[in-house]
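# Commentary on secondary and tertiary structure
Spelled out from the first residue to the last, the chains are:
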Amino acid sequence: MRLMRILMALLLASLFAAPALGAPVCAAREEAAPALSRLQDAMEKGRFVAYQPTELKVWDGNPLQASEVSIREDLKALRPWFDSLVTYGAHSGAELVPGIAKELGYRAVVIGIWNPDDDLEVRNALRAWENNPEIVVGVSLGNEMVFGRRGSWDDYARVVGKFRDRAPGLPLTVTEPFSIFLDDPDARPVLAKIDFLAANIHPVFEPWFKDAPPFNWADFVVKAGARLSDEAFCGPILVKETGVPTAPEEEGFTPEKQRAFYEEISKQLPPSRKLAFAWFSAFDAPWRAYDETPVGGTHPEEAHWGLFKETREPKPVMESVPKL
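Treat the numbers as computed from the prediction; the structure is a model and nothing was measured.

What follows is about the sheet that holds strand S7 (residues 172-173). Read from one edge to the other, the open sheet built from 5 strands follows the order S1-S4-S5-S6-S7, with strand pairing classed as parallel. Sheet topology places strand S1 (48-50) and S7 at the edges, where each strand pairs with a single neighbour. Judged from the 2 bridges that link them, strand S6 (residues 136-141) and S7 form a sheet pairing that is parallel. Looking at S7, one finds that Val-139 is bridged to Leu-172. In this fold helix H2 (residues 33-45) packs onto S1, strand S4 (84-86), strand S5 (108-113) and S6, with an angle of close to 95° to the strand it touches most, S6. Strands S5 and S6 of the sheet are contacted by helix H5 (residues 119-131), whose axis makes an angle of about 170° with S5.

Taking burial as the measure, the 5 residues of strand S10 (residues 237-241) include 5 buried ones, the bulk of the element. One ladder, built from 4 bridges, connects strand S9 (residues 197-200) with S10; its direction is parallel. Following the sheet pairing, Leu-197 is matched in S10 by Ile-237. Regarding topology, helix H9 (residues 214-232) serves as the crossover connection from S9 to the parallel S10, and that connection is right-handed.

Turning our attention to the confidence of the model for the protein chain. Looking at the protein chain, the pLDDT average stands at 93 and 93% of residues meet or exceed 70. Across the protein chain, the element-wise mean pLDDT spans from 40 in helix H1 (residues 2-15) up to 99 in S4.

On the surface, a nonpolar cluster with roughly 370 Å² of combined accessible area is contributed by Trp-59, Leu-64 and Tyr-290. Within the secondary structure, Leu-64 is located in the loop between strand S3 (62-63) and helix H3 (68-78). Relative accessible area serves as the criterion here: at 39%, Leu-64 is assigned to the partly exposed category.

Taken as a whole and judged by the stated rule, the model has 22 salt bridges. As a salt-bridge pair, Asp-195 and Arg-164 come within 2.8 Å of each other at their nearest N and O atoms. With Asp-195 in the loop between helix H8 (188-191) and S9 and Arg-164 in helix H6 (residues 153-166), this pair connects stretches of sequence that are 31 residues apart. Comparing Asp-195 with Arg-164 shows no difference in burial state: the two are buried. Bridged by salt links that share partners, the residues Arg-29, Arg-164 and Asp-195 form one connected network.

Relative to each other, H9 and helix H10 (residues 255-268) sit at 50°, their axes nearing to 8 Å. Between H9 and H10, the angle falls in the class oblique. Once H9 is placed against H10, the crossing between them reads as right-handed. Across from Pro-214, Phe-215, Trp-217, Ala-218, Asp-219, Val-221 and Val-222 in H9, the residues of H10 making contact are Lys-257, Ala-260, Phe-261, Glu-264, Ile-265 and Gln-268. In terms of residue class, the contact of H9 with H10 is made up of 9 nonpolar, 1 polar and 3 charged.

Turning next to the packing of aromatic side chains. For the structure on display, the rule yields 17 aromatic pairs. Ring geometry for Tyr-51 versus Phe-283: centroids 6.2 Å apart, planes at 70°, classification edge-to-face. With Tyr-51 in the loop between S1 and strand S2 (58-59) and Phe-283 in the segment after strand S11 (275-277), this pair connects stretches of sequence that are 232 residues apart. For the pair Tyr-51 and Phe-283, a shared accessibility class is recorded, and that class is buried. Arranged with centres 5.4 Å apart and planes meeting at 65°, the rings of Trp-208 and Phe-220 form a pair that is edge-to-face. Note that Trp-208 is positioned in the loop between S9 and H9 and Phe-220 in helix H9, a separation of 12 residues in sequence. The residues Trp-208 and Phe-220 share a single accessibility class, namely buried. Ring pairing ties together the aromatic residues Phe-82, Phe-261, Tyr-262, Phe-277 and Trp-279, which thus form one cluster. Cation over ring: Arg-79 sits above Tyr-106, and NZ or CZ is 5.3 Å from the ring centre.

What counts, and at which threshold
- Throughout, residues of each chain are indexed from 1 in the direction in which the sequence is written.
- Local features in this predicted model are restricted to residues of pLDDT 70 or higher, and side-chain atom pairs are both shown and tallied only at a pLDDT of 80 or more, whereas totals for entire chains, interfaces and linings draw on every residue.
- The basis for every side-chain value is the complete set of non-hydrogen atoms in the structure, without hydrogens or water.
- Two strands make a pair as long as DSSP finds a minimum of two bridges between them.
- A run of H or I in DSSP counts as a helix once it spans at least four residues, and a run of E counts as a strand once it spans at least two, with each numbered from the N terminus.
- Any two residues having at least one pair of non-hydrogen atoms within 4.5 Å are treated as being in contact.
- Axes, fitted as lines to C-alpha atoms, cover a helix only where it is in contact. Angles between the N-to-C directions of the axes lie from 0 to 180 degrees.
- For every residue, the accessible area (1.4 Å probe, protein chains only) is compared with the maximum for its type, and the residue is labelled buried under 20%, exposed over 50%, or partly exposed between those bounds.
- Place the viewer so that the strands point away; then a crossover is right-handed whenever the path from the first strand over the helix to the second strand goes clockwise.
- pLDDT: the predictor's confidence for each residue, scored from 0 to 100.
- Exposure above 30% relative accessible area and the lack of any salt bridge qualify a residue for a patch; like charges then connect within 9 Å, and the nonpolar side chains Val, Leu, Ile, Met, Phe, Trp and Tyr within 5 Å.
- Here the accessible surface of atoms and residues is derived via Shrake-Rupley with a 1.4 Å probe, and residues count as covered only by protein chains that are part of the display.
- In the sections that follow, a salt bridge refers to a side-chain nitrogen of Lys or Arg positioned within 4 Å of a carboxyl oxygen of Asp or Glu.
- Reported orientations rely on four angle classes, namely roughly parallel under 35 degrees, roughly antiparallel over 145, roughly perpendicular from 65 to 115, and oblique for the rest.
- Working rule for handedness: look at the near helix, and if it is turned counterclockwise from the far one by less than a right angle, call the crossing left-handed; if clockwise, right-handed.
- Under the convention adopted here, Pro, Cys and the residues Ala, Val, Leu, Ile, Met, Phe, Trp and Tyr are nonpolar, Asp, Glu, Lys and Arg are charged, and Gly plus all remaining residues are polar.
- Centres within 6.5 Å make a pair out of two Phe, Tyr or Trp rings, where for Trp the six-membered ring is used; the pair is then stacked when the planes are under 30 degrees apart, edge-to-face when over 60, and tilted otherwise.
- For a lysine, the NZ atom is tested; for an arginine, the CZ atom; a charge sits over a ring if that atom is within 6 Å of the ring centre and within 35 degrees of the ring normal.

Here's what the structure looks like:
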């Protein structure tokens, strides 16, 4: 075990020794300051979870509508442990999440917009903010658009500017894997325009994951978050995705490993106004095993990221999560 820790330390030192792109950048806008402060309050004092409605499934690019009744049952199941949400879209029923969350006593919602060029989805998000300004604390435009080859940094810059013109008081972010923010110089003009950063940091996709102990999984996330803060972005950073799926076991994923990861990261990364993580994700999504991804091949693990099963039954990890 000691040898493993030494080897892991050397690997991580090598991984994080890449040259910095320069001083961190970010926007500092007075208009967005009140909502951004509420976001930071939720980062420090609340508990975020990444959420997509259990009824909202996507088959061959066609989303199925999620009902208000089902969304309410989802959020009731989550509420004992979570008071803040990050969503992925404002369509197919997901635009109802902020209003239902407010009714159930949630603290904060970051609304995701899957396609920032879809004017209907943008209008849905704006309406949700206008109707629930005290709970909507930000908007995430797109999700891994550059990594997924669905857009470019120029596209991000354009949609950030366009959305800001319509909602100057609403904090904005974009989401990519952390390494892209660190290594791609084309990211910097966009980082200089957003109010907070939403980054995905997944130790399970690193080649050393299977042989490393939980300490190193969490340490990887902490070190990546620190580099983002030191070298890329000077504002609040929310780790939007990190975690361990619970299957398939032959790939090294089990409920026990999921629980061990969250127990460890909860110790190593206490929430603050500067850096916090969202638990990923709320519910299993079996359809995701067949969803298109930027990385070729089959990805059965995509169906099993949930802290809860698709039936809303808590997994073993939740036994070690204190209720709020």
